[in-house]
Amino acid sequence: MNLCNLTIAAAQKSLRARAFSARELTSAHIDAVTRLNPSLNAFITVTEGAALAQADAADAALAAGQAGPLAGIPLAIKDLFCTKGVRTTAASRILDNFVPPYESTVTEKLLADGAVFLGKTNLDEFAMGSSNMTSAFGPVVNPWRRRDDPGAVLVPGGSSGGSAAAVAAGMAMGATGTDTGGSIRQPAAFCGVAGIKPTYGRCSRWGVVAFASSLDHPGPFARTVEDCAILLGSMSGFDARDSTSVDRPVPDFATACRRGVRGLRIGVPREYRADGMPPAIEALWQQGLGWLRDAGAEIVDVSLPHTKYGLATYYIVAPAEASSNLARYDGVRFGHREPGHDLNDLYERTRAAGFGEEVKRRILIGTYVLSAGYYDAYYLRAQKIRTLILRDFTEAFAHVDALLTPTAPSAAFAQGEKMDDPVAMYLNDVFTVPANMAGVPAMSVPAGLDASGLPLGLQVIGRPFDEETVFAVSQLIEDAAGFRGLAGAAA
Amino acid sequence: MTYTIEGTTGPWEIVVGLEVHAQVISQSKLFSGAATDFGAAPNTQVSFVDAAMPGMLPVLNAECVAQAVRTGLGLNAQINLHSRFDRKNYFYADLPQGYQISQFEFPIVGKGQVDIELADGSLRTIGVTRLHLEQDAGKSLHDQDPQRSFIDLNRSGVALMEIVSEPDIRSPEEAGAYLRKLRTVLRYLGTCDGNMDEGSMRADVNVSVRKHGEDFRTRCEVKNVNSVRFVMLAIEAEAKRQVQIYEDGGSIVQETRLFDPARNHTRSMRSKEDAHDYRYFPDPDLLPLELDAHWVESLKASLPELPDAKRARFISQYGLPAYDAGVLVAEQATAAFFETVARGRDARLAANWITGDFFAALNRTGRSIETTPVPAEALGALLDLMADATINGRIAKDVFEIMVDTGEAPGAIVDRLGLRQVTDTGAIDAAVDAVLAANPDKLAEYRGGKEKLFGFFVGQVMKAMAGKGNPALVNEAIKRRLT
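Residues numbered from 1 in each chain as written. Chains lettered and ligands numbered in written order. Predicted model: local features only at pLDDT ≥ 70, side-chain atom pairs only at ≥ 80, totals over all residues.

## Digging into the overall build of chain B
Keep this limit in mind: Note on conventions: DSSP H or I runs of at least 4 residues are helices, E runs of at least 2 residues are strands, and numbering of each starts at the N terminus. Within these notes, the globule rule equals 2.2 Å times the number of residues to the 0.38 power, and the radius of gyration is based on C-alpha atoms. With C-beta atoms placed from the backbone, the exposure class of a residue follows from how many other C-beta atoms lie within 10 Å of its own: 20 or more, buried; 12 or fewer, exposed; in between, partly exposed. Contact criterion: two residues are in contact if their C-beta atoms, reconstructed from the backbone, are within 7 Å.
A count of helical and extended segments in chain B gives 15 helices and 16 strands. A compact globule built from 483 residues would reach a C-alpha radius of gyration of about 23 Å, whereas chain B, at 30 Å, exceeds it by more than 25%. With respect to the three principal axes, the spread of C-alpha positions in chain B is 90 × 55 × 55 Å. Put simply, chain B has 483 residues, and 39% of those count as buried. Summarising the internal contacts of chain B: among those between residues at least 6 apart in sequence, 68% fall at separations of at least 24.

Written out as C-alpha cells, the structure is:
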C-alpha cells in the first residue's frame, strides 16, 4: 500500500483500525518530502522532528481511544499561517527570520483535532501572485508535465502553489491555503487537486499574515472533495479575536458531500464566456453542466453583469489594503532590517531589500489609489462596484442554488511565461476574483485533462454560508469525472 | 469686552479652535487586552496586537465605546448610532502598524457644546464639532543613548477621544476656560482623568487672526500643547506672530507649529507641502460600529450630575454665591466634600471654611481632596463645636490647624488642650477689670471719645483669657464696664 496515495477519509478509518500507525503514515510523507522537495520546492521549512512527535502523540491518542478527528493526518501549512515556534516567512525576505510566538486560529484548530504538520509551504511573496514565481525562496514546480512537452517546467499556480503541489505530489494528505483572488482555487486547478475558499468569516484570519483583509480567506486543499470538507470542518468556527469572523454553527460538511444534486438549480453566468477561452476548457464546462443535468439538476442561464469590472476592481481594493497591511514590515520590531543612518533611511533600505518586485508594485498601486485626490476616483468607486458585484450574486442566487464556471482561463503554464506582463498574469484570476469580492464560497474541483494531459478545474460558487451545496455539487462532478489525480495520470 | 491684539494698523481679533486628545479611562486598550496603567516599566503593557505582529487583528473594546458615548452625552452632543473606523496611514517608529486606527468620516459623536464662564461673569457657548475614538501611538525615547532611539509601546493602542471644537474661541482666556471646563466634565463623567502633565489630555491649537468683520484668514496649528497655561500663552504668541507678519506686508502659510514655553514663541514644524497624505480608508479588519439606541439611553440614564447642574443646585439649595458654587463644583470630590460638611449645618459657613482655611491647608501641605488630612466628617464636627458654642471662631482656626497636623478629632483637641470657651461671666468680668486696671491711659482716651479703642480692650481681654472667652459675652462685659 502506498501510504501517500490515500484519502484523508480512508486514512482516518485505517488509523482507527490500526492498519498502520500515525508514525508510519507521517514517515511515509516525510520520505516523500525528502525525495520530491529538492525538485518541486513546495516546502520552505520542513518540520520533520515536530511532525514525528505529533504522529507519536496521535498514536498514543488513537491507542487510548481519545483521538481527534484528524489524529495522525499529515498536512502541509501555507507559510502565511503563523505557527508558534516555527519560522513563518510569507515567502518574503522581510520575514526570513521571523518565528511567531503564537499559533494562528486555523492551525490551532487543526492541531487540536490531532493533525500532524509536515512543514510550511512555499507561496507567492505575501500571497501576491498567480504562479508562485514571486517567492523569495524560489519558484515551486508543478508536479504535472505536458505530455507533448515534458521538458517544460510548469508553475503550480498561486499564490498557494506550494500547498497545491505538495498535495498533488503526495507529499501531504491535505494543506491549508489562503485565497484573496483565487489563490486556493487557481493552484488547485493547475495541480489537479480540490480546494475551497469558504464564505468570508467562516475561517478566522487571526494569525494569518494579512494581504488584503477584506478579501483574504483561509481554506483547505486535498485530493478529494470529501477530504476538503473534512479539513474545512476542522478549520471553521467563530473566533472572537477576528472581528470579521461570523458566529454561526459549523455544519457537517463531509455529510453534505453525499447530498446529491437532484432538484438543484445550477446557474451558468453568461459573462464567464470569455473570448479566447481554450476549447478544452469550454468543452469541460459543458461536460460539467451535462453531468449535473444527468444527475437531476436544472441548468439555468444567469447574468452577473458586473463581472467584467471584477478584476479591475480587485486590483484597486487588494493593493490598497495591502499597502496599509504591509506598512508594519519596517525593520523596527521584527523581521529583516537593513541599517540606515536615520529612521527614513532604515525604512527605505529595509523595505527595498526586503520586498520583491511584485510586492513593491502592489504597494505602489495601493498607495496611489488611496492618495488624496485619487481616493474617490479609484478606491471609493471600486468599493461601489464591489457592492454591485455582491448584488449580482445575491440576485443570481435568488434563482439558482449554485453557479458552475471554469476555475481558470488556462491550464498550468510554464515558468517564465507571462512574467513580463503583469496584466496577463492578473488575468489568471478573472473567474475567481468575483467570489472574493462578494465573500461567497467557491470551490475548484478537478474535472478533466486538456490535450496536453494537464488538469483542468471547474469552479462551483454557492450562497453565503452554503458550503454544503458547494460540496454536494463538487462531489457530483468529482464522481462523474472519475479524475484520478497525478498518481492516476502517471500510472 | 472683546479681546484684541493691538497692531500698528489697529486692533486684531483672534480666532481659535482646539483639538483635545483625551485618554479614555479603561482597563484595557482600544483594540487589545493590554493594560493601560500610567508609569509602568517600558514595553510591559504591550500585546501582540499593539506591537503589530504579523496576522494580529484589532477587536474593539466595548468599554471605550461606552466612555466615548458618555462623554458625548456629557457634552450635550449628538450620538451617532452608526460610525466607522478608518486607517490613517503614516510611517513612524512608535506607530507599529504603520497606521493609526481612527474615525475620519463617521465619528461616534457629532455636534455638541461646552458652556464657559469668564472672569467678568459673562457666559459663552463654545461649539463642539465632533468627538471620535482613535488609538494612541507609542513613545520614542531619544535621550537614552547617543546613537540610538528607544521605543516604548506601553501607550501604543491606548484609546483616545479627539474632541474638536468649532473655531468659536476668541481669547486666550476663553481657551483656558474651555479647557478647564472640558476637563471638569470629563472628570465628572469618569471618562478621562484630565492629567495634562501625564499626557492624558493634550491640545492642538488652531489660531488665526483677522480684522473685525472679516472672514476667517489662514490658520496655523500649534501641536501638542500640554497645559492650560501653555495653551493660553501659545495662542497669544502665535496670534502676535501672525499680526506682525500681516502688518509687515507678509502672508500666513498654513502649517504645523510647536510652542516653546521657554522662549514663549512658536516655531515651524512642517509646512502644508510637507503635510502627510494619510490615505484614510475604512479599516477592513473592523466592522462598522452600530450602537443600540436603548443602550445609549441606558448610559444617559446613569450619567452623574454634571458641573453646570450641580452648580445651579448649590446656588438654589444651599444659597451659595455663584462664585463659591463654581469653585466647589470644579472637582467632583470637592463638591461631595462640601455636601458632606454642609448636610444639616450652615452651608455658607461650610463653603467659607472649605474655600478658605481648608483649601489653604491642602495647598500648604501639598495634599489633595482625596488625601486630605481632615475628612469632611471632621470638618463638620468642628463646625458643630462652633455652632453649639463649645468653641469660638478664633479657637476653631487653631483647632483646625492641629487637625491638619495630627489628624485628631476636633472634640478631642478641645478637651486635651482645654479650649472650651469661657461663658462664666464672673471670670469674664474679672478679666475685663484686670485689663482696664492695667491700661488707665487707654481707658482715659476712650472716655475722651476715642471709641475705636473698644476693639483694643476686646483683644486684650481675649488674650488674657487665652482666646477662650465667648466673644459675645466679652463684648457685653466690656460695654457694661465702659458705660
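So, next bit.
## Some points on the overall build of chain A
Looking only at helices and strands, one finds 17 helices and 11 strands in chain A. On C-alpha atoms alone, chain A measures out to a radius of gyration of 21 Å, which is about the 23 Å that the 2.2 N^0.38 rule sets for 491 residues. Based on the C-alpha atoms only, the size of chain A along its principal axes is roughly 65 × 55 × 50 Å. Residue burial in chain A is summarised as follows: out of 491 residues, 61% are buried. A sequence separation of at least 24 residues applies to 78% of the contacts in chain A between residues at least 6 apart.

## A few points about the sheet that holds strand S1 (residues 43-46) of chain A
Paired through their backbone hydrogen bonds, the strands of a sheet run either parallel or antiparallel. Residue and element names in this part refer to chain A. Keep this limit in mind: DSSP bridges decide pairing: two strands pair if at least two such bridges lie between them. Angles shown run from 0 to 180 degrees and are taken between the N-to-C directions of axes, each axis being a line fitted to C-alpha atoms and, for helices, limited to the stretch in contact.
Reading across from one edge, S1-S3-S2-S4-S6-S5-S10-S11-S9-S7-S8 is the order of the 11 strands in this open sheet, with mixed pairing throughout. Only two strands of the sheet have a single neighbouring strand rather than two, namely S1 and strand S8 (298-302). Neighbour-to-neighbour, the strand axes of this sheet turn through a mean angle of 30 degrees, independent of strand direction. Across 7 bridges, the pairing between strand S10 (residues 442-449) and strand S11 (residues 455-462) is antiparallel. Opposite proline 446, over in S11, you have glycine 457 as the bridge partner. The sheet strands contacting helix H3 (residues 48-63) are S1, strand S2 (74-78) and strand S3 (116-121), and the helix crosses S3 at an angle near 155 degrees. In this fold helix H9 (residues 279-294) packs onto strand S7 (265-269), S8, strand S9 (402-406), S10 and S11, with an angle of close to 50 degrees to the strand it touches most, S11.

## A few points about the interface of chain A and chain B
Short version of the rule: Three residue categories are used. Nonpolar comprises Ala, Val, Leu, Ile, Met, Phe, Trp, Tyr, Cys and Pro, charged comprises Asp, Glu, Lys and Arg, and polar comprises the others, including Gly.
Counting residues at the interface gives 34 residues for chain A, matched by 25 residues for chain B. Residue assignment for the side of chain A that touches chain B shows that the elements contributing at least two residues are helix H10 (310-325), helix H11 (343-354) and helix H12 (357-370) of chain A. Here the side of chain A that touches chain B takes 3 residues from H10(A), the largest share from any one element. A per-class count over the side of chain A that touches chain B returns 18 nonpolar, 9 polar and 7 charged.

## Describing the sheet that holds strand S15 (residues 281-282) of chain B
Residues and elements named next belong to chain B. Strands sit in the order S5-S4-S15 across an open sheet of 3 strands; the sheet is antiparallel. Each edge of the sheet is formed by a strand with only one pairing partner; in this case those strands are strand S5 (99-102) and S15. Note that strand S4 (residues 86-89) and S15 share 2 bridges and pair antiparallel. By the bridge assignment, aspartate 86 is partnered in S15 with proline 282.

## Remarks on the packing of helix H12 (residues 425-438) of chain B against helix H15 (residues 471-482) of chain B
Residues and elements named next belong to chain B. Short version of the rule: Orientation categories follow fixed angle ranges, with anything under 35 degrees roughly parallel, anything over 145 roughly antiparallel, 65 to 115 roughly perpendicular, and all other angles oblique. By definition, any crossing whose near helix is turned counterclockwise from its far helix by less than a right angle is left-handed, and any crossing with a clockwise turn is right-handed.
Running from amino to carboxyl end, H12 crosses H15 at an angle of 55 degrees, the nearest separation of the two axes being 9 Å. Considered as vectors, H12 and H15 are oriented oblique to each other. When you trace H12 past H15, the crossing you get is right-handed. The segment H12 lies against H15, with Thr425, Ile428, Asp429, Val432 and Leu436 engaging Leu473, Val474, Ala477, Ile478 and Arg481. Partitioning the contact of H12 with H15 into residue classes produces 7 nonpolar, 1 polar and 2 charged.

## Details of the domain arrangement of chain B
Residue and element names in this part refer to chain B. Quick note on the threshold: Domain start and stop positions are those given by an automatic or database domain assignment.
Here chain B is described as being made up of domain 1 (5-299), domain 2 (305-417) and domain 3 (425-482). Computed over C-alpha atoms only, the centres of domain 1 and domain 2 are separated by 37 Å. Looking at the side of domain 1 that touches domain 2, the elements with two or more residues in it are strand S6 (112-117) and helix H2 (172-189). Examining the composition of the side of domain 1 that touches domain 2, we find that 4 residues originate from one element, H2, more than from any other. For the side of domain 1 that touches domain 2, the residue count by class is 2 nonpolar, 2 polar and 3 charged.

## Here's the deal with the pairing of S9(A)
All names here are of chain A. Of all 5 residues making up S9, 5 are buried, and the element is well covered by its neighbours. Here S9 shows no split at all, with Ala402, Leu404 and Pro406 on one side and Leu403 and Thr405 on the other all buried. Two elements, S9 and S11, share 5 bridges in a ladder whose sense is antiparallel. When the sheet's bridge partners are listed, threonine 405 is paired in S11 with glutamine 459.

## Section: helix H1 (residues 62-74) of chain B
Residues and elements named next belong to chain B. To keep it simple, the criterion reads: In this scheme, a helix's expected span is set at 1.5 Å multiplied by one less than its residue total.
Here H1 contains 13 residues, and its C-alpha end-to-end distance of 18 Å stays within 8% of the 18 Å for a straight helix at 1.5 Å per residue. H1 sits mainly inside the fold: 10 of its 13 residues count as buried. Tucked into the core, H1 has its buried residues touching S6, strand S7 (123-135), strand S10 (159-165), H2, strand S16 (289-290) and helix H4 (293-301). Two residues or fewer past H1, asparagine 76 is found with a positive phi of approximately 55 degrees.

## Thoughts on the confidence of the model for chain B
In low-pLDDT segments, the atomic positions of the prediction should not be examined closely. Where we set the bar: pLDDT runs from 0 to 100 and stands for how confident the predictor is about each residue.
Confidence along chain B averages 94 in pLDDT terms, with 99% of residues attaining 70 or more. This complex was scored by the predictor with a pTM of 0.91 and an ipTM of 0.96.

## Remarks on the pairing of S8(A)
Residue and element names in this part refer to chain A. Under the convention used in this document: The path from the first strand over the helix to the second decides the hand: if it runs clockwise while the strands point away from the viewer, the crossover is right-handed.
Pairing geometry for S7 and S8, over 5 bridges, is parallel. Within S8, the position partnered with proline 269 by the bridge is valine 302. Crossover S7 to S8 through H9 is right-handed.

## Thoughts on H11(A)
All names here are of chain A. Basically, it comes down to this: In this context, the arc is that of the directions from the helix axis out to the C-beta atoms.
For H11, which comprises 12 residues, the first-to-last C-alpha distance of 16 Å matches the rise-based estimate of 16 Å (1.5 Å per residue) to within 8%. Along H11, the positions that sit buried rather than exposed are Tyr347, Thr350, Arg351 and Gly354. For H11, the buried positions fall inside an angular range of 90 degrees around the axis, keeping them on one side. Opposite the buried face of H11, at more than 90 degrees from it, the exposed residues are Asn344, Asp345 and Ala352.

## A short note on the nonpolar core
Soluble globular proteins: nonpolar side chains tend toward being buried together. Short version of the rule: The term nonpolar core refers to a group of buried residues, namely Ala, Val, Leu, Ile, Met, Phe, Trp, Tyr and Cys, whose C-beta atoms join them within 7 Å.
Among the nonpolar cores identified, the biggest contains 157 residues, and Leu75(A), Val116(A), Ala165(A), Ala166(A), Ala402(A), Val460(A) and Val473(A) are the most heavily contacted of them. At 8 residues, H10(A) tops the list of elements feeding residues into this core.

## Concerning the environment of Asn195(B)
Residues and elements named next belong to chain B. By the element assignment, asparagine 195 lies in the loop between H2 and strand S11 (201-210). For asparagine 195, a count of 13 C-beta atoms within 10 Å puts it in the partly exposed group. Setting aside anything within four residues of it in sequence, one finds asparagine 195 in contact with Ser200 and Met201.

## Points about unusual backbone geometry
Here the bond from Gly158(A) into Ser159(A) is cis, since omega is 10 degrees, no more than 30 degrees from zero. Backbone geometry places Asn132(A), a non-glycine residue, at a positive phi of 65 degrees. Mapped onto the elements, Asn132(A) comes out in the loop between S3 and helix H5 (161-168). Taking the number of C-beta atoms within 10 Å as the measure of exposure, Asn132(A) has 34 and is therefore buried. At Asn224(B), a position not held by glycine, the phi torsion is positive, near 55 degrees. Mapped onto the elements of the fold, Asn224(B) is located in strand S12 (residues 220-225). Given 15 C-beta atoms within a 10 Å radius, Asn224(B) is considered partly exposed.

## Considering the environment of Ala387(B)
Residues and elements named next belong to chain B. Tracing the chain through its elements places alanine 387 in helix H9 (residues 376-387). With 12 C-beta atoms counted inside 10 Å, the residue alanine 387 sits in the exposed group. As a C-alpha pair, alanine 387 and glycine 199 span 188 residues in sequence and 45 Å in three-dimensional space.

## What about the environment of Met277(A)?
Residues and elements named next belong to chain A. As for its position among the elements, methionine 277 is in the loop between S7 and H9. According to the C-beta neighbour criterion, methionine 277 is partly exposed, with 15 such atoms within 10 Å. Taking the C-alpha atoms as reference, methionine 277 lies 32 Å from alanine 210; in sequence the two are 67 residues apart. Ignoring any residue separated from it by four or fewer positions in sequence, one finds methionine 277 in contact with Glu282 and Pro409.

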